[in-house]
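An overview of the molecular structure
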Amino acid sequence: MKTIAERLQEHGFFQGLPREQQNFIAGCGENSVFQSGDYLAREGEPADYFFLIRSGRVAVETFVPNHGALCLQTLEGGDIFGWSWLFPPYEWTFDARAQDTVHAIRLNGKCLREKCEAEPALGFELLKRFARITTARLKEARIQLLDLYGDRPPANPGAT
Amino acid sequence: MIPRIYRIERRTEEYPGAFTVHLAPNGEDVVSHDFSPGQFNMLYAFGAGEVAISMSGQALPGRSHTVHTIRTRGMVTSALARLREGEEIGVRGPFGSGWPLAEAANKELLVIAGGLGLAPLRPVIYHLLNQSKPRPIPRFRLFYGARRPEEMLYRSELEAWNREMEVQLSVDHADPSWHGNIGVITKPVSSADFDPKGCVAFLCGPEAMMRFSIQVLMERGVSPADIYISMERNMKCGTGLCGHCQWGPNFICKNGPVFRYSDVRNWLGIRAL
């Protein structure tokens, strides 16, 4: 059975991080398994964790009254889910639901925050990695908004 | 330059607003209609006009019939959409350059399609799957993005292809009955496991989709010289005579529609064109 530190080394998010920092972070992590339909996170609930998805597919959803759950994006092995633990009020802003069996490493957000405060170099390195991912997700969301495959670009009433 | 009369042998609805027609030469004289994957025909809806449509069927030598997948967008394609099996249309072609399959020999081929852009790449996929082993292009995979699952082309074929090659599908929106990826097609491309120095990419889809996909490929380290795109702009005559599709020093209908990205990237960046 691999240790959490070994699993962190395998995941793209932590690749290249010095071994001692990986070991330091591993103290905040545990293996977790979710079955299809299980929720990793629910909107509005405390965002205590950060997930490194090892395998399986996770749907990031929001609930629309009188309609049901709307999936905004799916994540899979190699992706991460959750940065709400980084910023007050530390609450999830979306639901995350396993679409099939999901194996993940669950890192405790409070523990990670404390480690980042204790070791600012590690905190800065982690924030850079999160910034890269949030930038990529923002770009993807913007491309989705373009409705690329529609008949024509979305109407832009502000354009002349 | 004179259209040959073809008959619509079979017509299938891909999804509302997109359909595929199988055309056979009308009359006794059976002519072969050889083409290279990526080339197009000018389809003539009598009384309405002509439109450039890529071949989307298998490029088998000696075949007389031709297959086209068409999206209803303007007057001519709407006229073509109204035609039923047994009715006639005019066909000129094939025109244009095809996908440079020889460039992908002994490399990995990434086929990246968006929406209706899968149609001009379908002959490539059949070409790859029909190769006898050991294949000259040993590894290939398809990334296909669409707006919704129900707006994907060739859905039954996608399932069949997935058994023989790696197929990554992604849609922008879907209801819970869809169990595949939701998100833009650039994401699976960005996380795919391939050697950027040993691959060639063929892209076809909306221009914005191709631009974002090229960004991702280049971030991964793929050379602009190993990226090929299929352009669709203002083609009218199919022979480079009318000038409608002039794009910098090129006529898309004659020098394209398939271009090496490194050859056209400057023109692609000029917004006034």
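Keep in mind that what you see is a predicted model, and the values were worked out from it rather than measured.

This paragraph deals with helix α3 (residues 109-118) of chain A. Residues lying three or four places apart along an α-helix face the same way, a consequence of the helix completing one turn every 3.6 residues. All names here are of chain A. Residues of α3 that are buried include every one of G109, L112, K115 and C116, and no others. The buried residues of α3 occupy one face: seen down the axis, they fall within an arc of 125°. When the buried face of α3 is taken as reference, the exposed residues oriented beyond 90 degrees from it are K110, E117 and A118. Contact partners of the buried residues in α3: α2 (19-26), β3 (49-55), β8 (102-108) and α4 (120-145).

This part is about the packing of helix α5 (residues 207-220) of chain B against helix α7 (residues 261-268) of chain B. Residue and element names in this part refer to chain B. At a minimum axis distance of 13 Å, the contact between α5 and α7 shows a crossing angle of 125°. Classified by the interaxial angle, the pair formed by α5 and α7 is oblique. Considering only the axes of α5 and α7, their crossing is left-handed. Between α5 and α7, the contacting residues are E207, R211, I214 and M218 on the first element and Y261, R265 and L268 on the second. Classifying every residue of the contact of α5 with α7 by side-chain character gives 4 nonpolar, no polar and 3 charged.

In this section: the confidence of the model for chain A. Across chain A, pLDDT averages 89, with 94% of residues at or above 70. Here helix α1 (residues 4-10) of chain A stands out as the element of chain A with the lowest mean pLDDT, 88, in contrast to strand β2 (residues 39-41) of chain A, whose mean of 97 is the highest.

Residue and element names in this part refer to chain B. Counting buried positions along strand β7 (residues 108-114) gives 7 out of 7 residues, so the element sits mostly inside the fold. The side-chain alternation of β7 yields two buried faces, one formed by E108, L110, I112 and G114 and the other by L109, V111 and A113. Bridging between β7 and strand β8 (residues 139-146) involves 7 bridges; their strand directions are parallel. Residue V111 lies in a different strand from β8, and its bridge partner there is L142. Between the parallel elements β7 and β8, the chain passes through helix α2 (residues 118-130) in a crossover that is right-handed. As defined by bridge partners, β7 adjoins strand β11 (residues 199-204) across 6 bridges and the pair is classed as parallel. Bridged to I112 within β11 is L203.

Parameters and conventions
Residues numbered from 1 in each chain as written. Chains lettered and ligands numbered in written order. Predicted model: local features only at pLDDT ≥ 70, side-chain atom pairs only at ≥ 80, totals over all residues. Heavy atoms only, no water. Buried < 20%, exposed > 50% of the residue type's maximum accessible area, 1.4 Å probe, protein only. Helix = DSSP H or I, 4+ residues; strand = E, 2+ residues; numbered from the N terminus. Arc of directions from axis to C-beta. Contact = heavy atoms within 4.5 Å. Axes fitted to C-alpha atoms, helices over the stretch in contact; angles between N-to-C directions. Parallel < 35°, antiparallel > 145°, perpendicular 65-115°, else oblique. Left-handed = near helix turned anticlockwise from the far one by under 90°. Nonpolar A, V, L, I, M, F, W, Y, C, P; charged D, E, K, R; others polar. pLDDT = per-residue confidence, 0-100. Pairing = 2+ DSSP bridges. Right-handed = clockwise from strand over helix to strand, strands pointing away.

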